[in-house]
Amino acid sequence: MASWNDYNDAQSNPNLIPKGTVVRVRLTIRPGGFDDPSQGWTGGFATRGSTGAVYLNGEFTVLEGPYAKRKIFTLIGLYSPKGPEWAGMGRSFLRGMLNSARGISDKDVSPQAQAARRIVGFADLEGLEFLAKIEHGTDAGGETKNEIRMAVTPGHRDYPKTMVRTAAPVGNAPPAYAPPAQSYAPPAHTPPPAAPAMQQGAFPIPAQQTAPSADTRPTWAR
C-alpha cells in the first residue's frame, strides 16, 4: 500500500488509459465542413487545417469496461501537402477499423471481404464500433494524451474475448461479414394472363366495359 506522505508512485495523469490497453470503441466524426467531391470527400465530414492538411477529426468513445465513456480524440489523415505518408497511414487505419468492425481477417481477399472494406461515403463510418489499441501521444502543450492509431483485428488474441460479435463464429474463426440487405427491391413485373383458348367457330364475347380505376402506383413509377 502506498504511503500517505510519499507521492512518487502516484499517477501523474489519472485520466490516461494505460498504453497497450485494448478497448471497444465507437467512432464519431466531428465535422469540419470541408468538401472535395473530386476526392469523394462530401457531407462536410472532413477538416482542412491551416497547413493545408485534410483529415477526419475522430472522437472515439470507450463502450465498456473500467474506462467506459472515456473519449479519445485522434486525427485520421486524408491528405498532407508534405507527401502521401500521412494519407497512407490514415487509409491503413481505416482499413483496420473496417476489418475489426466487420470481423474480417486482414489477409482475406475474397470478394465478400473486399466489398466489406468499401464505403460509399464518410457517413458510413459514423457509429462504427471496433476494437482499438490505446497509445500515448503528446498534445500541443506537450502533455501526454491517449491516442488511437491502430485497430485490433481478427487473429489478435484479444479479439475474441473483447469484441462483441453479432454472429457465432465457426471454431476459432471470426464470423464472416455479410453486407446489409437492400431496404428496397422493386416489385417484379408479372405479365398479364394469357387469354383462354377459343373453340373453333365460337364468337368472342367482348369484355364488359368498366370505368378505369385510379392509378395507385407511386408517383415515381407513373
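The paragraphs below set out a description of the structure included in this document. Here the structure is a predicted model, which means the values were calculated and not measured.

A short note on the side chain of asparagine 99
Part 1 of the reasoning: Tracing the sequence through the fold places asparagine 99 in helix α1 (residues 85-102).
Part 2 of the reasoning: Residue class for asparagine 99 comes out buried when judged on its relative accessible area of 0%.
Part 3 of the reasoning: Among the polar contacts made by the side chain of asparagine 99, one reaches the side chain of aspartate 106 at a distance of 3.0 Å.
Part 4 of the reasoning: With sequence-adjacent residues up to four places away left out, asparagine 99 is seen in contact with Ile104, Ser105, Asp106, Arg117, Thr153, Pro154 and Tyr159.

Considering the side chain of aspartate 158
Part 1 of the reasoning: Residue position: aspartate 158 is located in the loop between β7 (144-152) and α3 (159-162).
Part 2 of the reasoning: Looking at aspartate 158, the relative accessible area reads 13%, which means it is buried.
Part 3 of the reasoning: Ignoring any residue separated from it by four or fewer positions in sequence, one finds aspartate 158 in contact with Val22, Leu131 and Met163.

Focus on the pairing of strand β3 (residues 41-48)
Part 1 of the reasoning: Strand direction decides the pairing type here: strand β2 (residues 34-36) and β3, joined by two bridges, are antiparallel. By the bridge assignment for β3, phenylalanine 34 is matched with alanine 46.
Part 2 of the reasoning: If you look at the hairpin formed by β2 and β3, you'll find four residues sitting between the two strands, and glycine 40 has a positive phi there, around 85 degrees.
Part 3 of the reasoning: The pairing of β3 with strand β4 (residues 54-62) spans three bridges and is antiparallel. From the neighbouring strand, arginine 48 faces β4, where its bridge partner is valine 54.

Quick word on the packing of aromatic side chains
Part 1 of the reasoning: Tallied over the full model, the rule gives four aromatic pairs.
Part 2 of the reasoning: An angle of 40 degrees between the planes, with centres 6.2 Å apart, marks the rings of phenylalanine 60 and phenylalanine 93 as tilted. Of this pair, phenylalanine 60 sits in strand β4 while phenylalanine 93 sits in helix α1, and the two are 33 residues apart along the sequence.
Part 3 of the reasoning: On the basis of relative accessible area, phenylalanine 93 is assigned to the buried category, the value being 6%.
Part 4 of the reasoning: In textbook terms, an aromatic cluster arises when at least three aromatic residues are bridged by ring pairs, as seen for Phe60, Phe93 and Phe130.

Conventions we followed
Residues numbered from 1 in each chain as written. Predicted model: local features only at pLDDT ≥ 70, side-chain atom pairs only at ≥ 80, totals over all residues. Heavy atoms only, no water. Helix = DSSP H or I, 4+ residues; strand = E, 2+ residues; numbered from the N terminus. Buried < 20%, exposed > 50% of the residue type's maximum accessible area, 1.4 Å probe, protein only. Polar contact = N/O pair within 3.5 Å; in protein donor to acceptor, adjacent residues only side chain to side chain. Contact = heavy atoms within 4.5 Å. Pairing = 2+ DSSP bridges. Phe/Tyr/Trp six-rings, centres within 6.5 Å; stacked < 30°, edge-to-face > 60°.

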